[in-house]
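An overview of the molecular structure
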Amino acid sequence: MSSFAEDLHAALAGPEHTISPKYFYDAQGSTLFEQICELPEYYPTRTELALLRRHAGDFADRMGPGAQLIEYGAGALVKVRLLLERATRPHSFVPVDISGPHLLAACEALQREHPSLRILPVVADFTRPHVLPDAPPDGRRIGFFPGSSIGNFDPKEALEFLRLLREELDGGALLIGVDLIKDPARLHAAYNDAQGVTARFNLNLLRHAQRALGLECDPAGFDHYAFYDPRKHRIEMHLLPRGEQHLQLQGRRYTLVPGESLHTENSYKYSVESFQALAREAGFRPSAHWTDEQRWFSLHWLEA
Ligand code: AVI
């Protein structure tokens, strides 16, 4: 059984009905996420890109010459271009992503723009131990983890993942994007956009399961529900059954009734201080951070 099937059975049968947000991302889910990044309400992407542009020279100085740049969860390689343009004689660029075809297509496009750059793609789940190409002889390993994807891990998983990166980058550094705690109304709007793209993204979890696993259900019988919990500092996304919903997966039947929900995502928000404390606990040494004027988003430089 694929882990998606196993995890969906567990979510439907278990008391909490919780499933990992990684199952949003088939081809349709990735396209919907790209659309989310363009939405007027979804400030993280725009704000982080502006910070990367504004401070690109500073990042290049900190990286030093001959660095190996490693991007975790590389996707379309949009943000890393801003770093590569300014990097001093980079030794290599190592994008790590689970989606092989997507990654290789993005690498080909990047190679056309940077013909002399050594690109060494690694197709792997970056949250699990994986094998990287050798470290550069005369430079440092620099990790790049933008987009506040760290927010989709619960704090314990985030700590374990940061520990893994700390070991992998030993003697190097990590540049990481982290969404900040802010006015709940602003957060609510970012996950409840007027065009309903986030709702379609959330419902795509069921559509993905229909396509990939033959799940029988009626996605139109579920509502998107996202709210900010100010005590847990996180957005929670759920799918709420509208009336009794019957689902069938590989011969097993499940029923979800109003009052229950399928919990599809958490998106944790941090303060600069709470994130630095987490990074220190993982063994990093925070040495600089940057935020926009509104303090909506932060980038952190962590020495490993
Ligand atoms: C990928 N991740 C950082 C996004 C977030 O904001 O947590 C995923 C997302 N979910 C709904 N909108 C965007």
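As recorded in an unreviewed UniProt entry, the protein goes by the name L-histidine N(Alpha)-methyltransferase, listed as coming from Roseateles chitinivorans.

What to know about the overall build of the protein
Along the protein, the regular secondary structure elements total ten helices and twelve strands. Since a compact globule built from 304 residues should have a radius of gyration of about 19 Å, the 20 Å found for the protein is in line with a globular shape. Based on the C-alpha atoms only, the size of the protein along its principal axes is roughly 60 × 40 × 35 Å. Across the 304 residues of the protein, 54% fall into the buried class. Pairs at least 24 apart in sequence give 70% of the contacts found in the protein among residues at least 6 apart. In the structure as shown, the protein presents an accessible area of about 13,800 Å², 50% of it carried by carbon and sulfur atoms. Of the charged side chains in the protein, 32 are positive and 40 negative, and the gap between their average positions amounts to 3 Å.

Remarks on the pattern of salt bridges
Overall, the coordinates contain twelve salt bridges when judged by the stated rule. Here Asp 26 and Arg 211 are joined by a salt bridge, their closest N and O atoms 2.7 Å apart. You can see Asp 26 sitting in the loop between α1 (3-13) and α2 (27-38) and its partner Arg 211 sitting in helix α9 (residues 197-213), a full 185 residues away along the chain. Arg 211 gets classed as partly exposed once you look at its relative accessible area, which sits at 43%. Asp 179 is the salt-bridge partner of Lys 269, the closest N and O atoms lying 2.9 Å from each other. In this pair, Lys 269 sits in the loop between β10 (262-268) and α10 (272-281) while Asp 179 sits in strand β5 (residues 173-179), placing the two residues 90 residues apart along the sequence. By relative accessible area, Lys 269 is classed as buried at 3%. Accessibility expressed as a relative area gives 1% for Asp 179, which makes it buried.

Side note on the packing of aromatic side chains
Counting across every chain of the model gives 17 aromatic pairs. Pairing Phe 24 with Tyr 25 gives two aromatic rings, centres 6.2 Å apart and planes at 80 degrees, and the pair type is edge-to-face. Its relative accessible area of 0% is what places Phe 24 among the buried residues. Ring plane angle 40 degrees and centroid distance 4.4 Å describe the contact between Phe 24 and Phe 201, whose orientation is recorded as tilted. Here Phe 24, found in the loop between α1 and α2, pairs with Phe 201, found in helix α9; they are 177 residues apart in sequence, far enough to count as distant. Take Phe 24 and Phe 201: they sit in the same class, and that class is buried.

Conventions we followed
Residues numbered from 1 in each chain as written. Predicted model: local features only at pLDDT ≥ 70, side-chain atom pairs only at ≥ 80, totals over all residues. Heavy atoms only, no water. Helix = DSSP H or I, 4+ residues; strand = E, 2+ residues; numbered from the N terminus. Rg over C-alpha atoms; globule rule 2.2 N^0.38 Å. Buried < 20%, exposed > 50% of the residue type's maximum accessible area, 1.4 Å probe, protein only. Contact = heavy atoms within 4.5 Å. Areas by Shrake-Rupley, 256 points an atom, 1.4 Å probe, with all protein chains shown as cover. Lys, Arg positive; Asp, Glu negative; His and termini not counted. Charge placed at Lys NZ, Arg CZ, Asp CG, Glu CD. Salt bridge = Lys/Arg side-chain N within 4 Å of Asp/Glu carboxyl O. Phe/Tyr/Trp six-rings, centres within 6.5 Å; stacked < 30°, edge-to-face > 60°.

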